[in-house]
Amino acid sequence: MEDLLKVGVIVNTHGVRGEVKVFPTTDDSKRYLDLDQVILDTGTEHKVMKIERVRFFKNMVILKFEGFETIEDIQIYRQKPLYVTREQAVPLEENEYFIADLIGLSAVTEEGETLGEVVDVIQTGANDIYVIRKDQEPDLLVPAIKDCIKRIDLEEDIVCIHLLKGLRELNQKR
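Each chain has its residues counted from 1, following the order in which its sequence is written. At least 70 in pLDDT is required for a residue's local features to be given in this predicted model, at least 80 for side-chain atom pairs to be given and counted, and no such filter applies to totals for whole chains, interfaces and linings, which use all residues. Calculated side-chain values reflect all of the structure's heavy atoms, with hydrogen atoms and water omitted.

J.: Before we move on, could you go through the sheet that holds strand β10 (residues 140–143) and cite the residues and values that matter?
T.: For two strands to be treated as a pair, DSSP must find at least two bridges joining them. What counts as a helix is a DSSP run of H or I of at least four residues, what counts as a strand is a run of E of at least two, and both are numbered from the N terminus. In spatial order, the strands read β10-β9-β8-β7-β12-β11; together these 6 strands make up an open sheet with mixed pairing. The two strands at the open ends of the sheet, each matched to only one other strand, are β10 and β11 (149–153). Pairs of neighbouring strands in the sheet enclose a mean axial angle of 35°, with direction left out of account. In the sheet, strand β7 (residues 106–109) pairs with strand β12 (residues 158–161) via 4 bridges, with the strands oriented parallel. Residue pairing across strands places A107 opposite V159, the latter belonging to β12. For helices, the fitted axis covers only the stretch in contact; all axes are lines through C-alpha atoms, and the angles between them, taken along N-to-C directions, range from 0 to 180 degrees.

J.: So what's going on with the pairing of strand β8 (residues 114–122)? Residues and values would help.
T.: Of the strand pairs in this sheet, β7 and β8 are connected by 3 bridges, and their pairing is antiparallel. Note on β8: the bridge partner recorded for V108 is T114. Two successive antiparallel strands, β7 and β8, enclose a turn made up of 4 residues, where G112 displays a positive phi of approximately 100°. In terms of strand pairing, β8 meets strand β9 (residues 129–133) through 5 bridges, oriented antiparallel. Looking at β9, one finds that V118 is bridged to I132. Between the end of β8 and the start of β9, which pair antiparallel, lie 6 residues.

Here it is in structure tokens:
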């Protein structure tokens, strides 16, 4: 399991006073109001960024970091991801998981057939979709609903799946 959880990506600068537009990758963008700092992945290092101010504009979060006063100071961080530690993460409800913890799980059917590995989770308005990849086969897209996802065991690194009738065939037609 990863120690850091992605909460957003700096998509661009905002204005000329060192603010950035962040596309939030968290379920609740208002959670930024409770954060004092985030961790910026520059590509070569993890840099702690102290948050000075938080505002919201449309679907974006506007952040002002301490020590960054001009557009020139901050523009080098465009397209860089922002993270929090697990200690800063929002507490999960029962049967909720961080996407970072699902990636890499082995997907197996109730009968024990190995379907592949969870390589991505697509978030839709209705429910998440687990993308399961196995060599030499098309990706299998499985809706994260109770009828399909029977058990997730992070200690065993598996997700047990019930394949609804026709789901495998539907995926092969894509």
